[in-house]
Amino acid sequence: MQEETDARYMRMALEEARAALQADEIPIGAVIVADGRVIGRGHNMTETLGDVTAHAEMLAITAATQTLGGKYLTGATIYVTVEPCLMCAGAIAWSQLSRIVYGADDPKRGYSTYISARNTPTKPSKPSATEKSGIPNPTPNTQKSTHDAQNPMAGIQNTIDGTQNSTKVIQDSTGGIQHSKSRIQNSSPSPFHPKATITIGILAEECATLMRDFFRSKR
């Protein structure tokens with residue numbers, strides 16, 4: 001069963017997240033699987049390496065490409081404990097990973113937050129003095145809403161706000177991390193490859209709890 005397989009690999013990602021926790025890093029872990037074997041794994045190492053790009057997904061992608069000897073990961077699945085940020089989502093897209101599976105939503109830093117913001121129409125500008133007076137405006141307002149702004153990887157049919165096997169999402173009041181039951185995203189733009197599929201909520205509570213406990217310990 002796919003969900004059991006997903007849970008098994010997500011537990012491996014959680015092992016990576018716990019390794020990050022032991023190093024006093026934000027506890028996020030990732031593994032990449034192809035043809036039933038793990039080809040790359042990593043956990044957050046931004047503090048250890050002094051590198052803001054050293055996220056779990058980035059390190060796992062690098063490890064996987066070294067394993068395969070090529071830059072593309074078509075046919076592979078990435079499992080990550082927390083929703084990827086926009087930087088990691090871009091790297092996932094460029095590496096052509098075919099499936100993205102993550103545990104807890106991240107409404108503060110997750111890629112879907114920025115996609116949602118991009119697709120929210122801007123408020124119309126206030127009418128100019130000439131518009132109020134009825135005098136034709138020689139330079140009419142031609143501002144487009146952000147909804148009309150084209151996603152650089154347009155045509156992709158996956159997003160957090162699209163049609164999904166909906167389940168109630170409970171937002172944690174302490175850290176912004178959300179947990180939910182497993183669901184699949186379908187429809188609307190996302191930063192991933194056009195043929196990529198996204199599964200959300202695998203072991204979400206465990207993933208979210210690890211993050212909450214870490215941030216509570218820092219207060």
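Below, the structure is looked at part by part. A quick note: this is a predicted structure, and the numbers were derived from the prediction, not measured.

1. Let's talk about the overall build of the protein chain
Broken down by element type, the protein chain carries seven helices and nine strands. Across the 219 residues of the protein chain, 43% fall into the buried class. Across the protein chain, every contact between residues at least 6 apart in sequence was considered, and the portion connecting residues at least 24 apart equals 64%. Roughly 11800 Å² of accessible area belongs to the protein chain as shown, and the carbon and sulfur atoms make up 54% of that amount.

2. Considering the pattern of salt bridges
Here the structure, examined in full by the defined rule, presents five salt bridges. We note a salt bridge from Asp24 to Lys218, for which the minimum N-O separation is 2.6 Å. Of the two residues, Asp24 is situated in the loop between helix H1 (2–22) and strand S1 (29–34) and Lys218 in the segment after helix H7 (204–217); the sequence distance between them amounts to 194 residues. A single salt-bridge network, built from bridges that share partners, covers Glu15, Glu16 and Arg41.

3. A few points about the side chain of Arg99
By the element assignment, Arg99 lies in strand S4 (residues 99–104). By relative accessible area, which is 13% here, Arg99 ends up buried. Beyond its immediate stretch of four places on either side in the chain, Arg99 contacts Gln2, Asp6, Ala76, Thr77, Ile78, Tyr79, Thr197 and Thr199.

4. Quick notes on helix H4 (residues 86–94)
The set of residues buried in H4 consists of Cys88, Ala89, Ala91, Ile92 and Ala93. One or two steps after H4, the chain reaches Gln96, where phi turns positive at roughly 60 degrees.

5. Considering the packing of helix H3 (residues 56–68) against H4
Where H3 meets H4, the closest approach of the two axes is 9 Å, and the angle between their N-to-C directions is 20 degrees. When the axis of H3 is compared with that of H4, the two are roughly parallel. Of the two possible hands of crossing, H3 and H4 adopt the one that is left-handed. Judged by residue contacts, Glu57, Met58 and Ile61 of H3 engage Met87, Cys88, Ala91 and Ile92 from H4.

6. Looking at the environment of Ile26
Locating Ile26 in the fold gives a position in the loop between H1 and S1. Given a relative accessible area of 31%, Ile26 falls into the partly exposed group. Those residues in contact with Ile26 that lie beyond four places of it in its chain are Ala20, Asn44, Met211, Phe214 and Phe215.

Reading guide: rules and limits
- Along each chain, residue indices are assigned from 1 in the same order as the chain's sequence is written.
- Selection of residues for local features in this predicted model requires a pLDDT of at least 70, selection of side-chain atom pairs for listing and counting requires 80 or more, and totals for whole chains, interfaces and linings are taken over all residues.
- Excluding hydrogens and water, the side-chain values take into account all heavy atoms of the structure.
- Helical segments are the DSSP runs of H or I of at least four residues, strand segments are the runs of E of at least two, and each set is numbered from the N terminus.
- Think of it in three bands: residues with accessible area under 20% of the maximum for their type are buried, residues over 50% are exposed, and the middle band is partly exposed, with areas taken using a 1.4 Å probe on protein chains only.
- Contact between two residues is taken to exist if any of their heavy atoms lie within 4.5 Å; hydrogens are not considered.
- Per-residue and other accessible areas were derived by the Shrake-Rupley procedure at a 1.4 Å probe size, with only the shown protein chains allowed to occlude residues.
- Salt bridges are defined by distance alone: a side-chain nitrogen of Lys or Arg within 4 Å of a carboxyl oxygen of Asp or Glu.
- Throughout, an axis means a line fitted to C-alpha atoms (over the contacting stretch in the case of helices), and angles, computed between N-to-C directions, take values from 0 to 180 degrees.
- Under this scheme an angle from 65 to 115 degrees is roughly perpendicular, one under 35 degrees roughly parallel, and one over 145 degrees roughly antiparallel; angles in between are oblique.
- For any helix crossing, the convention is left-handed if the near helix is rotated counterclockwise from the far helix by under a right angle, and right-handed if that rotation is clockwise.

Spatial relationships are all this shows, so hold off on functional conclusions.
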